[in-house]
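# Tertiary structure, described
Here is what each chain is made of, one letter per residue.
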Amino acid sequence: VQLQASGGGSVQAGGSLRLSCAGSGSIFSIYNMGWYRQAPGKQRELVAVITSGGSTNYADSVKGRFTISRDNAKNTVTVYLQMNSLKAEDTAVYYCAADSVYRDYAQHAMNFWGKGTQVTVSS
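Residues numbered from 1 in each chain as written. Predicted model: local features only at pLDDT ≥ 70, side-chain atom pairs only at ≥ 80, totals over all residues. Heavy atoms only, no water.

### Concerning the sheet that holds strand β3 (residues 17-24)
Stated precisely, the cut-off is as follows: One requirement defines pairing of two strands: DSSP has to find at least two bridges between them. Secondary structure elements follow DSSP: runs of H or I no shorter than four residues count as helices, runs of E no shorter than two count as strands, and numbering proceeds from the N terminus. Axis angles are defined between N-to-C directions and span 0 to 180 degrees, where every axis is a line fitted to C-alpha atoms and, for a helix, only to the segment in contact.
The strand order β1-β3-β8-β7 describes an open sheet built from 4 strands, whose pairing is antiparallel. The two strands at the open ends of the sheet, each matched to only one other strand, are β1 (2-6) and β7 (66-72). This sheet shows a mean twist of 15 degrees between the axes of neighbouring strands, independent of strand direction. Judged from the 7 bridges that link them, β3 and strand β8 (residues 77-83) form a sheet pairing that is antiparallel. Each residue of the ladder has a partner; that of Ser20, found in β8, is Tyr80.

The structure is reproduced here in structure tokens:
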């Protein structure tokens, strides 16, 4: 599975950005997909996840502001992260990920990763 993320950039606090991540390859094997982020000097954190069934879950810090969605096509799968009301603390490198193993995403990191995309929010 190959994942290609796009959509990062710089925005002022209160603004919005939409991240996209296109998956290709053995997408039939994908269960959960999600977005992680890592800010300088901090550990990577799971921001949002969407299961193959469409259930979603969010980190407390982004609930009500971020929305994850997923578009399953015949040969591709795309996951989006709509980020509204951005704050300076949302500044980080964002990574999309996918898991081909049916397991608890809260306990296990996903096994396919895209390259990160930088999101910078200025206050």
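### Overview of the state of the cysteines
In a disulfide, the sulfur atoms of two cysteines are held together by a covalent bond. Worth spelling out the cut-off: Two cysteine sulfurs form what is called a disulfide whenever their separation falls within 2.5 Å. For the exposure calls, accessible area comes from a 1.4 Å probe over protein chains only, and a residue counts as buried if that area is under 20% of its type's maximum, exposed if over 50%, partly exposed in between.
Under the defined criterion, the tally for this structure stands at 1 disulfide. Note on cysteine connectivity: Cys21 is disulfide-linked to Cys96, with sulfurs 2.0 Å apart. Between Cys21 and Cys96, the disulfide has an S-S torsion of 50 degrees and is therefore right-handed. With Cys21 in strand β3 and Cys96 in strand β9 (residues 92-98), this residue pair connects regions lying 75 residues apart in the sequence. Of the residues examined, Cys96 reaches a relative accessible area of 0% and is grouped as buried.

Coordinates in, geometry out; function isn't part of it.
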